[in-house]
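Secondary and tertiary structure notes
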Amino acid sequence: MINLNSINNQLGPMVNHSTIFLRTGQAIKEWIKIEPEAYRYMQQREDLWVFVRKNPEWYRYLSREPASIKEMEVYAKTFYGKTIPQRLEKTQQNVQMIRLLMEMAGAWND
């Protein structure tokens, strides 16, 4: 499990009265301004925090339009495989695997 405090320390936030600046990565020496509400919301949701770290283009999207955090949630669900079609597909794969194992066990008993 990832500790948000360790991620926060890696990002190195700088608090300015109305905005929070985040360093986007080690290779990119750039600071991006993110609204405090969006920053706090991402800190509360570990999955979104990790998603943004793995997809740094969202730093820019959120700095330009903080309301796009809901759109980011949709992309994060797709990224983590949490959409209904992805869950159904995974369930179907598990059912197929169980059928295959049952057929193999039946063949061994014969």
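Helix and strand content of the protein chain: six helices and three strands. When its helices and strands are written in sequence order, the protein chain yields α-β-β-β-α-α-α-α-α. By sequence separation, contacts in the protein chain at least 24 residues apart represent 44% of the contacts at least 6 residues apart. Accessible surface computed for the protein chain: about 8,100 Å², of which carbon and sulfur atoms make up 55%.

This brings us to the confidence of the model for the protein chain. Mean pLDDT for the protein chain: 78, with 70% of residues reaching 70 or above. Below pLDDT 50 for its whole length, residues 10-18 participates in 22 contacts with residues either more than four positions away or in separate chains.

Time to look at the nonpolar core. Formed by 14 residues in total, the largest nonpolar core has its most connected members in Ile 34, Met 42, Phe 51, Val 52, Ile 69 and Met 72. If you list the elements that add at least two residues to this core, you get α2 (36-44), α3 (46-54), α4 (57-64) and α5 (69-80). No other element matches the four residues that α3 contributes to this core.

This paragraph deals with the packing of α2 against α3. Helix packing geometry: the angle between the two helix axes and the distance between the axes. Where α2 contacts α3, the two axes come as close as 5 Å, and the packing angle between them is 110°. By the criterion of interaxial angle, the relationship of α2 to α3 is roughly perpendicular. From α2, Tyr 39, Tyr 41, Met 42, Gln 43 and Gln 44 reach across to α3, where they touch Glu 46, Leu 48, Trp 49 and Val 52. Its residues assigned to classes, the contact of α2 with α3 comprises six nonpolar, two polar and one charged.

We now examine the packing of aromatic side chains. Any pair of aromatic rings gets described here by the distance separating the centres and the angle formed by the planes. Evaluated as defined, the whole model comprises six aromatic pairs. On the basis of an interplanar angle of 50° and a centroid distance of 6.4 Å, the ring pair of Phe 51 and Trp 58 is categorised as tilted. Judged by centre distance (5.0 Å) and plane angle (80°), the rings of Phe 79 and Tyr 80 are edge-to-face. Judged by relative accessible area, which is 39%, Phe 79 ranks as partly exposed. A connected cluster of aromatic rings, assembled from ring pairs, spans Phe 51, Trp 58, Tyr 61, Tyr 75, Phe 79 and Tyr 80. If you follow Lys 82 out to its NZ or CZ, it ends over the ring of Tyr 80, 5.7 Å from the centre.

Criteria and thresholds
Residues numbered from 1 in each chain as written. Predicted model: local features only at pLDDT ≥ 70, side-chain atom pairs only at ≥ 80, totals over all residues. Heavy atoms only, no water. Helix = DSSP H or I, 4+ residues; strand = E, 2+ residues; numbered from the N terminus. Contact = heavy atoms within 4.5 Å. Areas by Shrake-Rupley, 256 points an atom, 1.4 Å probe, with all protein chains shown as cover. pLDDT = per-residue confidence, 0-100. Core = buried A, V, L, I, M, F, W, Y, C linked by side-chain atoms within 4.5 Å. Buried < 20%, exposed > 50% of the residue type's maximum accessible area, 1.4 Å probe, protein only. Axes fitted to C-alpha atoms, helices over the stretch in contact; angles between N-to-C directions. Parallel < 35°, antiparallel > 145°, perpendicular 65-115°, else oblique. Nonpolar A, V, L, I, M, F, W, Y, C, P; charged D, E, K, R; others polar. Phe/Tyr/Trp six-rings, centres within 6.5 Å; stacked < 30°, edge-to-face > 60°. Lys NZ or Arg CZ within 6 Å of the ring centre and 35° of its normal.

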